[in-house]
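# Observations on the model geometry
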Amino acid sequence: MFLKRIAIVVAIASSLPSIAFGAEKIRAQLSWISTVQYADHWIAKEKDLFEKQGLDVELRPGGPNAVKAPVAVAAGAADIGYTDWQSFLGAIRQGNDFVLIGVPMYNSPMGILSLKAHPIQKPEDISGAKILTQGPHEKHLIEAVLSLAKKKPDDWVSVPAGYSPDPLLAGDGVGYTAYATNQVITLEKMGLKKGQDFFFVSFEDLGFAEPGEVIFTTRTYLNSHRDTLVKYIAALIEGWRLNVQDPTYAPKLVVEKYGSDLGLDLDQQNRQNILQMDLRREPYYLLDTARVTGPMMDAARAAGTADLPAHPENLVDADVVREAHQSLQASAK
């Protein structure tokens, strides 16, 4: 009877997913809702890439009503967080010992939309112009762009606007702060052609260097779970490479499964997925120290960020991503 019970237990165990036995739990707080922005994550989930690395990954969507990643990680409610560069610096100012380990989008998708009557393609085109801004953050970004270009930061007019480019089309301003992965698609769906009927220039191209978002953790977690973080990034790298091979797969996953309650449009998600590929670069997720200590710190100063760290090189550990790429190369041999 005893041996029979053992046989039953072994049979049950062999039939269960490997994630149930010996997998290491890791909790990631995303910065936004479950859209194709996180295509790599959804593919890693669906294709068991996290499981292959021995991980049980819990992905917590963000959004307007969600707990912000710096708060979640500081409180111990998440092990990894996704946030923007300025919010990360704000968390550092508050005494959090956070470390950057990677970056999904090397360049931010944020920039300025304009129409052919008054194209905005360089900082000089902003001077004296009326720009529609979605919020105070965007206003500060434009001031920083002008400051970095040695222009008067207040030599323009800010007009508050919402999340639709309609006011731009109505002529309420000559420029509108927008996202390459959002409002650009809106204009395209209206039949307008980029580079002909409208123009988009990123803040990066205007001289303000800032990634779309950063991946961070606590220094304590980094020191005690380094291998876990390397495996996590390795799974994301594999997920993103699969996304590049078939850009239609992740949008369908999002619309039908992971973001099924959001009312997402498949065509929009497909287009967003294509556009966001221009914002990533090989080696994927690598945020080199020189970018942090140089252009990103320069951007933060120009944006008026106070109490910047005296040793910004200590804010980043780029080797986590490097080790993830090395592990995938070794396993492919």
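Here is a short report on the structure shown in this document. On a predicted model such as this, the values are computed, not experimentally measured, just so you know. (Residues numbered from 1 in each chain as written. Predicted model: local features only at pLDDT ≥ 70, side-chain atom pairs only at ≥ 80, totals over all residues. Heavy atoms only, no water.)

Looking now at the nonpolar core. With 42 residues, the main nonpolar core has F50, I80, Y82, L229, Y232, I233 and Y285 as its most contacted residues. If you tally residues by element for this core, the top one is helix α10 (residues 226-245), at 9 residues. V73, L89, F98 and F216 belong to the second largest nonpolar core, which has 22 residues in total. (Core = buried A, V, L, I, M, F, W, Y, C linked by side-chain atoms within 4.5 Å. Buried < 20%, exposed > 50% of the residue type's maximum accessible area, 1.4 Å probe, protein only. Helix = DSSP H or I, 4+ residues; strand = E, 2+ residues; numbered from the N terminus.)

Moving on to the sheet that holds strand β2 (residues 55-60). Strands sit in the order β2-β1-β3-β10-β4 across an open sheet of 5 strands; the sheet is mixed. A single partner strand is all that each edge strand has here, and the edge strands are β2 and β4 (98-102). Strand-to-strand twist of the sheet, defined as the mean angle between neighbouring strand axes without regard to direction, takes the value 30°. Bridge count between strand β1 (residues 24-29) and β2: 6 bridges; the pairing is parallel. (Pairing = 2+ DSSP bridges. Axes fitted to C-alpha atoms, helices over the stretch in contact; angles between N-to-C directions.)

Under the definition given, this model contains 17 salt bridges. With its nearest N and O atoms 2.9 Å apart, the salt bridge here joins R271 to E188. Of this pair, R271 sits in helix α12 (residues 266-276) while E188 sits in helix α8 (residues 183-189), and the two are 83 residues apart along the sequence. By relative accessible area, R271 is classed as partly exposed at 31%. (Salt bridge = Lys/Arg side-chain N within 4 Å of Asp/Glu carboxyl O.)

Our focus in this paragraph is the packing of helix α2 (residues 39-46) against helix α11 (residues 249-258). Contact pair α2 / α11: the axes reach a minimum separation of 9 Å and the direction vectors enclose 75°. Between α2 and α11, the angle falls in the class roughly perpendicular. In this structure, α2 contributes A39, W42, I43, K45 and E46 to the contact, and α11 contributes Y249, A250, L253, V254, K257 and Y258. (Parallel < 35°, antiparallel > 145°, perpendicular 65-115°, else oblique. Contact = heavy atoms within 4.5 Å.)

The next point concerns the sheet that holds strand β6 (residues 130-133). Taken in spatial order, the 5 strands make up an open sheet running β7-β6-β8-β5-β9, and their pairing is mixed. The open sheet terminates on both sides in strands that have one partner only, identified here as β7 (157-160) and β9 (198-202). Averaged over all adjacent pairs, the angle separating strand axes in this sheet is 35°, with direction ignored. Two elements, strand β5 (residues 110-115) and strand β8 (residues 175-179), share 5 bridges in a ladder whose sense is antiparallel. Bridging from a neighbouring strand, I112 pairs with T177 of β8.

Take the packing of aromatic side chains next. Considering all chains together, one arrives at 7 aromatic pairs under this definition. Centroid distance Y38 to Y82: 6.1 Å. Interplanar angle 90°. Geometry classified as edge-to-face. You can see Y38 sitting in the loop between β1 and α2 and its partner Y82 sitting in strand β3 (residues 80-83), a full 44 residues away along the chain. In this structure Y38 comes out as buried when scored by relative accessible area, which is 1%. Residue classification places Y82 among the buried residues on the basis of a relative accessible area of 1%. Measuring from ring centre to ring centre gives 4.8 Å for F98 and F216, while their planes differ by 40°; the resulting arrangement is tilted. Placement of F98 in strand β4 and of F216 in strand β10 (residues 214-218) is noted, with a sequence separation of 118 residues between them. Each member of the pair, F98 as well as F216, carries the same accessibility label: buried. In textbook terms, an aromatic cluster arises when at least three aromatic residues are bridged by ring pairs, as seen for W85, F88, F98 and F216. The ring of W240 has R280 sitting right over it, with the charged end atom 3.7 Å from the ring centre. (Phe/Tyr/Trp six-rings, centres within 6.5 Å; stacked < 30°, edge-to-face > 60°. Lys NZ or Arg CZ within 6 Å of the ring centre and 35° of its normal.)

The end-to-end C-alpha distance of helix α6 (residues 136-148), which contains 13 residues, comes to 18 Å, matching closely the 18 Å that a straight helix rising 1.5 Å per residue would cover. Buried within α6 we find E138, L141, I142, A144, V145 and L146. The inward-facing, buried residues of α6 abut β5, β6, β8 and α13 (289-302). Once α6 ends, the next one or two residues include K150, with phi positive near 65°. (Expected span 1.5 Å × (residues − 1).)

This part is about unusual backbone geometry. Between E282 and the following residue, P283, the backbone shows a cis peptide bond with an omega angle of -10°. You can see P283 is positioned in the loop between α12 and α13. Of note in the backbone geometry, D48 takes a positive phi value of approximately 60° without being a glycine. By the element assignment, D48 lies in the loop between α2 and α3 (49-52). A relative accessible area of 38% means that D48 is categorised as partly exposed.

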